[in-house]
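Residue strings, one per chain:
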Amino acid sequence: MIRTALSDKARAALIGFCAENLKPGLDPVRYADNFNNVDFGEVGGVDGALYEIRSLHQKDGVPATICFRAEDDFCVEEIED
């Protein structure tokens with residue numbers, strides 16, 4: 001099994017995080033949905049997904065991060081050998 005995406009609950013939390021931390025005028029839904037190259041880690045491992053709003057886009061001018069680690073934070077998919 002591999003992690004393929006954030007669950008709906010985790011995606012909503014990510015959008016809320018973006019809404020709280022982005023500079024005015026930036027769309028939190030679009031920003032959250034456009035994170036690229038996120039490594040979701042392995043199922044059953046301690047790895048998670050780390051998202052960072054760069055200082056350029058953060059309302060206070062410093063990076064802001066959020067991490068998802070719980071198994072229910074992810075959608076998983078079976079892989080056939």
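Residues numbered from 1 in each chain as written. Predicted model: local features only at pLDDT ≥ 70, side-chain atom pairs only at ≥ 80, totals over all residues. Heavy atoms only, no water.

## A look at the packing of aromatic side chains
- Overall, the coordinates contain three aromatic pairs when judged by the stated rule.
- Centroid distance Tyr-31 to Phe-35: 5.5 Å. Interplanar angle 90°. Geometry classified as edge-to-face.
- The exposure class of Tyr-31 is buried, given its relative accessible area of 18%.
- Between the aromatic rings of Tyr-51 and Phe-68, the centroid separation amounts to 6.0 Å while the plane-to-plane angle is 75°, which identifies the pairing as edge-to-face. Residue Tyr-51 is located in strand E2 (residues 49-53), and its partner Phe-68 is located in strand E3 (residues 64-68); the two are separated by 17 residues in the primary sequence.
- On the accessibility criterion, Phe-68 (6% relative accessible area) is buried.
- By the ring-pair criterion, three or more aromatic residues cluster together here, those being Tyr-31, Phe-35, Tyr-51 and Phe-68.
- Positioned above the aromatic ring of Phe-74 is the side chain of Arg-3, whose terminal nitrogen or guanidinium carbon lies 4.3 Å from the ring centre. (Phe/Tyr/Trp six-rings, centres within 6.5 Å; stacked < 30°, edge-to-face > 60°. Buried < 20%, exposed > 50% of the residue type's maximum accessible area, 1.4 Å probe, protein only. Helix = DSSP H or I, 4+ residues; strand = E, 2+ residues; numbered from the N terminus. Lys NZ or Arg CZ within 6 Å of the ring centre and 35° of its normal.)

## Let's talk about the nonpolar core
- Ranked by internal contacts, the top residues of the largest apolar core, which has 18 residues, are Leu-6, Leu-14, Phe-17, Cys-18, Tyr-51 and Phe-68.
- Looking at this core, the elements with two or more residues in it are helix H1 (8-21), helix H2 (28-33), E2 and E3.
- When residues of this core are assigned to their parent elements, the largest contribution, five residues, is made by H1.
- Residues contacting Phe-68, with those up to four places away along its chain left out, are Leu-6, Ala-10, Ala-13, Leu-14, Gly-48, Ala-49, Tyr-51, Asp-73 and Phe-74. (Core = buried A, V, L, I, M, F, W, Y, C linked by side-chain atoms within 4.5 Å. Contact = heavy atoms within 4.5 Å.)

## A short note on the pattern of salt bridges
- Applying the stated criterion across every chain yields a total of two salt bridges.
- The partner of Arg-3 in a salt bridge is Glu-71, with the nearest N and O atoms 2.6 Å apart. Taken together, the residues Arg-3 in strand E1 (residues 2-6) and Glu-71 in the loop between E3 and strand E4 (74-77) connect sequence positions 68 residues apart. (Salt bridge = Lys/Arg side-chain N within 4 Å of Asp/Glu carboxyl O.)

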